[in-house]
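Chains, contacts and geometry: an overview
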Amino acid sequence: MKTKFVMGCLLLLNVLNISAQESKEAKPFVIGETRVLKSKILNEDRTLHVYLPNGYDKAKSYPVIYLLDGSANEDFLHIVGLVQFYVMSFNMPEFIVVGIANVDRKRDFTFHTDLEDLKKEYPTTGHSAKFIDFLEKELQPFVNKTYKTTETKYIIGQSLGGLLATEILLKKPTLFTHYLIVSPSLWWDDESLMKNAKALLAKQKNRNQYVYISIGMQEHEMMLKEAKDIAAILKNADEPNLKVDYFPMEKENHATILHQSISEAFKKLHPLKE
């Protein structure tokens, strides 16, 4: 009996030791892939973080979300989490998410200004036209060639990213079908984009986009006014196929708004499954 007991204890210890060894073996938890696109327009390499739907099918076409501020340590992870949640629980189709990692967002997201204080504070500023060319002529063709995509293209941008998204909406609206614009920095260049918005809208008719503009009610008064005003200008445009939602968020500030705002945008666009 004693021999059997000792042998049983040794067997148990051996099993526990194997289990302990197995538990120490870690495997990467992968939610996407990273690609590097060599940009001739920007004359630099640009890192892309790409989320593919669970069970991604190369034969199937998917809509695409283009995420500004899409570095791994910026907005990529939590926006992908929202997409996964709304696909699982709401009527949201499966999306590819392309996070565009930043190199110099002040350079890429702002257009030229002659204001000396801004040039001093933002010394590399004023190259959004090049970045928009990159989006149109290099990034979108690369994504369409690498993955099968539909015509549905979202862009998500906050703050200076929201300024850039608004500039694209007004100057090259067909680059995207859906504009999710959060706390746009329309104060840039003494609100020149705002002041020219009606004229820019008049230059390109027959728009067919969805625009979601949100702002936190705890943000600066100027930003509150600008977000409300640009939404009103867009809503009052003589464009029957331009749908605009304006969504002020009472408890949010500039630091807290993005996640909640995009969650509300997805909820509006893809309601809860019955």
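Refer to the preceding data block for the structure.
I will try to describe carefully the structure that is included in this document.

Definitions and limits used
Residues numbered from 1 in each chain as written. Predicted model: local features only at pLDDT ≥ 70, side-chain atom pairs only at ≥ 80, totals over all residues. Heavy atoms only, no water. Helix = DSSP H or I, 4+ residues; strand = E, 2+ residues; numbered from the N terminus. Rg over C-alpha atoms; globule rule 2.2 N^0.38 Å. Buried < 20%, exposed > 50% of the residue type's maximum accessible area, 1.4 Å probe, protein only. Contact = heavy atoms within 4.5 Å. Lys, Arg positive; Asp, Glu negative; His and termini not counted. Charge placed at Lys NZ, Arg CZ, Asp CG, Glu CD. Salt bridge = Lys/Arg side-chain N within 4 Å of Asp/Glu carboxyl O. Pairing = 2+ DSSP bridges. Axes fitted to C-alpha atoms, helices over the stretch in contact; angles between N-to-C directions.

Another aspect to go through is the overall build of the protein. A tally of helices and strands in the protein yields 10 helices and eight strands. For the protein, whose C-alpha radius of gyration is 24 Å, the value lies well above the compact-globule estimate of 19 Å for 274 residues. For the protein, buried positions account for 47% of its 274 residues. Taking as baseline every contact in the protein between residues at least 6 positions apart, the subset at least 24 positions apart corresponds to 73%. Each charge sign in the protein was given a centre, from 35 positive and 35 negative side chains, and these centres are 6 Å apart.

Now for the pattern of salt bridges. Pairs may arise between side chains of opposite charge once their charged atoms sit close together. Applying the stated criterion to the full structure yields 16 salt bridges. Notably, a salt bridge pairs Lys 38 with Asp 45, separated by 3.5 Å at the nearest N-O pair. On the basis of relative accessible area, Asp 45 is assigned to the partly exposed category, the value being 42%. A salt bridge links Lys 225 to Asp 229; the shortest N-O distance between them is 2.6 Å. Of this pair, Lys 225 and Asp 229 both sit in helix α9 (residues 221-235), separated by four residues, roughly a single helical turn. With relative accessibility at 53%, the residue Lys 225 sits in the exposed group. Asp 229 gets classed as partly exposed once you look at its relative accessible area, which sits at 24%. When salt bridges with common partners are traced through the structure, they connect Glu 44, Arg 46, Arg 107 and Asp 108 into a single cluster.

Attention now moves to the sheet that holds strand β4 (residues 96-100). Strand order in the open sheet formed by eight strands is β1-β2-β4-β3-β5-β6-β7-β8, and the pairing between neighbours is mixed. Because the sheet does not close on itself, it has two edges, and the strands there are β1 (33-39) and β8 (243-249). On average, adjacent strands in this sheet sit at an angle of 20° to one another, irrespective of strand direction. Packing against the sheet, helix α2 (residues 76-89) makes contact with β2 (44-51), β3 (62-67), β4 and β5 (149-158), and its axis sits at approximately 30° to β2. Lying over the sheet, helix α6 (residues 160-171) contacts β5, β6 (178-182) and β7 (210-216), oriented at roughly 145° with respect to β6.

With respect to the helices and strands, the residue Gln 209 is situated in the loop between α8 (197-203) and β7. Accessibility expressed as a relative area gives 7% for Gln 209, which makes it buried. Along the primary structure Gln 209 and Tyr 179 are separated by 30 residues, whereas in three dimensions their C-alpha atoms are 7.5 Å apart. In contact with Gln 209, not counting residues within four places along its chain, are Pro 173, Thr 174, Phe 176, Thr 177, Tyr 179, Asn 241, Leu 242 and Lys 243.

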